[in-house]
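Below, each chain spelled out in residue letters.
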Amino acid sequence: MTTVRDIAGNEIEFGDDGYMLNPDDWNQDVAAELAKEIGIDPLTDRHWDVINFCREDYEEQGDAPTLRRISKVGGVPTKELYKLFPKGPAKKVAYVSGLKKPSGCI
Amino acid sequence: MKKLLILGAGTAGTMLANKLSHELSQEEWKITIVDQDTVHYYQPGFLFIPFGIYGPNDVVKAKRDYLPPSVDVIVSEIELIEPEKNQVRIAKDNRTLVYDYLIIVTGASPRPEETPGLVGPEWRKSIHDFYTYEGALALAKKLRTWEGGRLVLNIMDLPYKCPVAPLEFIFLADWYFHDKGMRDKVDLTLVTPLPGAFTKPRASSLLGNTLEEKNINLIPDFLPERVDAEAHQLISYEEEVVDYDLLVTVPVHMGADVIGRSGLGDESNFVPVDKHTLLSKQYDNIFSLGDAAALPTSKAGSVAHFAGEVFVENFLRYIDGLELQPTFDGHANCFIESGFGKGILIDFNYDVEPLPGKFPLPGIGPFSLLQESEMNHWGKMMFRWMYWNLLLKGKEMGITSQMSMAGKWS
């Protein structure tokens, strides 16, 4: 079951897991609104560094990056990621960036 | 003469050398395999060593004995892969090996030095691992005389080899201390960066219940930043602290350094490949599979085995100028030792989570999926024989490479 919600004036489709279904529906206003929902307000430049890296990396790789990847390739240390997106940064970053839920697959 | 070069003679490399030497004509193809070690370890056996169930002889054999005579085996470190020149430089005699096709199966290895505080004066004293031969033997020695306290088993990061092994370790520890009559003196805790006992929901819930029944604590969502070895504390990025008396850790895992040096890896030196064809995303004559590949499935021998079978068929098409088929589905099949002579079996792929049922014969078994049984334990014990005698030699195992839904219910 998918749900459609109005996010900052955009009709956005969400999947069962609560994450956006189509990353192309995303824009910066949507990000700000989704961030607010999970208690991150406002988005600082540093938040945007992370979000922009994740969007670009997703374009290239087809998956939401892991924390290790954001830290090693994106240049934002894991410790800082936990400060910017407290309690589960990998999932929160993916959510705000309009990407699929990280598979966390083992 | 065409040249096929295989880097790594572990589970995947050995199996591929056997299968491909059988399939490819010796007049047309020269197969070379390079590995830095002469010893082949049965890695699934490391789990049993700390508890005295297996000894050194059960897990160690000579690599050469398992490789076909027609394959050129070179024991050497690999210095650099130069994909633009289709060549690999190795340390031995400063040789350069030229290839038409390259298969990278250099595996993954634990890197305890990646976590601050882990390797120091307390390493192999109050901090242990069981993912290496030496580590498993040292831990066996430690457990024999340990008087009890807080035993914490922790996973440093994903991915790591054999995702069920930490659970099995803690189940076996529960059994071991029961048998020694000291379970009441031991507090067992599993600390994991995952949101539960396992990733996939059905298996996670079953295994979570099993932990509870056995009075084993679970601390999920805990990503460690460092260890304070002197204070006996594991500390997360959020500054949460877990105290321990004995820490058994699953260190950060990475692919081989030569992958990173050669510009062929991701941030953890794993090789990005197409997840269904195993072809490199950068070069059309390089493949990677097994633990070395950056694939969204388990790093485990069963996965390497299934991937290998699918790959060989596909490779034979490819060298005849046909297109690769997207046939690899991420199939994994793992016996989970749950202690007291019982085991659980799970079977899954990229898209389908572990489900209950009977395996491999629908409705019959003899193995039960996602359920504890004595037969599953015997399956695990029998697997060691199958590994040395069938799997490595590339012989039929009687299990389909692609996951089957037959005999499962959802």
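Residues numbered from 1 in each chain as written. Chains lettered and ligands numbered in written order. Predicted model: local features only at pLDDT ≥ 70, side-chain atom pairs only at ≥ 80, totals over all residues. Heavy atoms only, no water.

Enquirer: For the interface of chain A and chain B, give the residues involved together with the corresponding values.
Expert: With 16 residues of chain A in contact, the opposing surface of chain B contributes 27 residues. Summed over both sides, the interface of chain A with chain B buries roughly 1,700 Å², with 53% coming from carbon and sulfur. Where chain A packs against chain B, one counts seven salt bridges. Looking at the side of chain A that touches chain B, the elements with two or more residues in it are α3 (67–72) and α4 (78–84) of chain A. Considering only residue class, the side of chain A that touches chain B consists of six nonpolar, four polar and six charged. (Contact = heavy atoms within 4.5 Å. Buried area = accessible area lost by both parts, 1.4 Å probe. Salt bridge = Lys/Arg side-chain N within 4 Å of Asp/Glu carboxyl O. Helix = DSSP H or I, 4+ residues; strand = E, 2+ residues; numbered from the N terminus. Nonpolar A, V, L, I, M, F, W, Y, C, P; charged D, E, K, R; others polar.)

Enquirer: So what about helix α1 (residues 28–37) of chain A? Which residues, and what values?
Expert: Residues and elements named next belong to chain A. Within the span of α1, buried status applies to Val-30, Ala-31, Leu-34 and Ala-35. Seen along its axis, α1 keeps its buried residues to an arc of 135°; they face one direction. At the N-terminal boundary of α1, the capping side chain belongs to Asn-27, with an oxygen 3.0 Å from the backbone nitrogen of Asp-29. In the segment just after α1, Gly-39 is the residue with positive phi, at about 85°. (Buried < 20%, exposed > 50% of the residue type's maximum accessible area, 1.4 Å probe, protein only. Arc of directions from axis to C-beta. Polar contact = N/O pair within 3.5 Å; in protein donor to acceptor, adjacent residues only side chain to side chain.)

Enquirer: Lay out the nonpolar core in plain terms, naming residues and giving numbers.
Expert: Core analysis: the largest hydrophobic core is formed by 114 residues, its most contacted members being Leu-20, Phe-130, Phe-169, Phe-177, Phe-311 and Phe-315 of chain B. Among all residues touching Phe-315 of chain B, those that are not within four sequence positions of it are Leu-4, Leu-20, Leu-24, Trp-29, Tyr-101 and Phe-287 of chain B. If you look at the next biggest cluster of nonpolar residues, it comprises 33 residues, including Ile-12, Phe-14, Leu-34 and Leu-67 of chain A. (Core = buried A, V, L, I, M, F, W, Y, C linked by side-chain atoms within 4.5 Å.)

Enquirer: Go over the sheet that holds strand β17 (residues 241–243) of chain B with me, naming the residues and quoting the values.
Expert: Hydrogen bonds between backbone atoms are what pair the strands of a sheet, whose relative direction is either parallel or antiparallel. Residue and element names in this part refer to chain B. In spatial order, the strands read β15-β16-β17; together these three strands make up an open sheet with antiparallel pairing. Across the chains shown, the open sheet's two edge strands, defined by having one partner strand only, are β15 (224–228) and β17. Adjacent strand axes in the sheet meet at a mean angle of 20°, parallel and antiparallel pairs treated alike. (Pairing = 2+ DSSP bridges. Axes fitted to C-alpha atoms, helices over the stretch in contact; angles between N-to-C directions.)

Enquirer: Residue-level account of the packing of helix α1 (residues 11–23) of chain B against helix α7 (residues 301–318) of chain B, with values.
Expert: Residue and element names in this part refer to chain B. Running from N to C, α1 and α7 cross one another at 30°; their axes reach a closest spacing of 10 Å. Here α1 is positioned roughly parallel relative to α7, judged by the angle of their axes. Here α1 and α7 pass one another in a crossing that is right-handed. Across the interface between the two elements, Thr-11, Ala-12, Met-15, Leu-16, Lys-19, Leu-20 and Glu-23 of α1 pack against Gly-301, Ala-304, His-305, Gly-308, Glu-309, Phe-311, Val-312, Phe-315 and Leu-316 of α7. (Parallel < 35°, antiparallel > 145°, perpendicular 65-115°, else oblique. Left-handed = near helix turned anticlockwise from the far one by under 90°.)

Enquirer: An account of the state of the cysteines is needed here, citing residue identities and associated values.
Expert: Going through the model one piece at a time under the given rule, you end up with zero disulfides over all chains. Left without a disulfide partner, Cys-162 of chain B is nearest to the cysteine sulfur of Cys-334 of chain B, which lies 6.1 Å away. (Disulfide = S-S within 2.5 Å.)

Enquirer: Could you give an account of the pattern of salt bridges, with specific residues and numbers?
Expert: For the coordinates displayed, the defined rule picks out 25 salt bridges over all chains. The residue Asp-49 of chain A makes a salt bridge to Arg-46 of chain A at a minimum N-O spacing of 3.2 Å. In this pair, Asp-49 of chain A and Arg-46 of chain A both sit in helix α2 (residues 45–61), three residues apart, roughly one turn of the helix. A relative accessible area of 39% means that Asp-49 of chain A is categorised as partly exposed. Relative accessible area serves as the criterion here: at 30%, Arg-46 of chain A is assigned to the partly exposed category. As a salt-bridge pair, Lys-408 of chain B and Asp-347 of chain B come within 2.7 Å of each other at their nearest N and O atoms. Note that Lys-408 of chain B is positioned in the segment after α8 (374–391) and Asp-347 of chain B in strand β24 (residues 342–348), a separation of 61 residues in sequence. Connected via shared salt-bridge partners are Lys-79 of chain A together with Glu-225, Arg-226 and Glu-239 of chain B.

The values reported here are purely geometric and, on their own, carry no functional implication.
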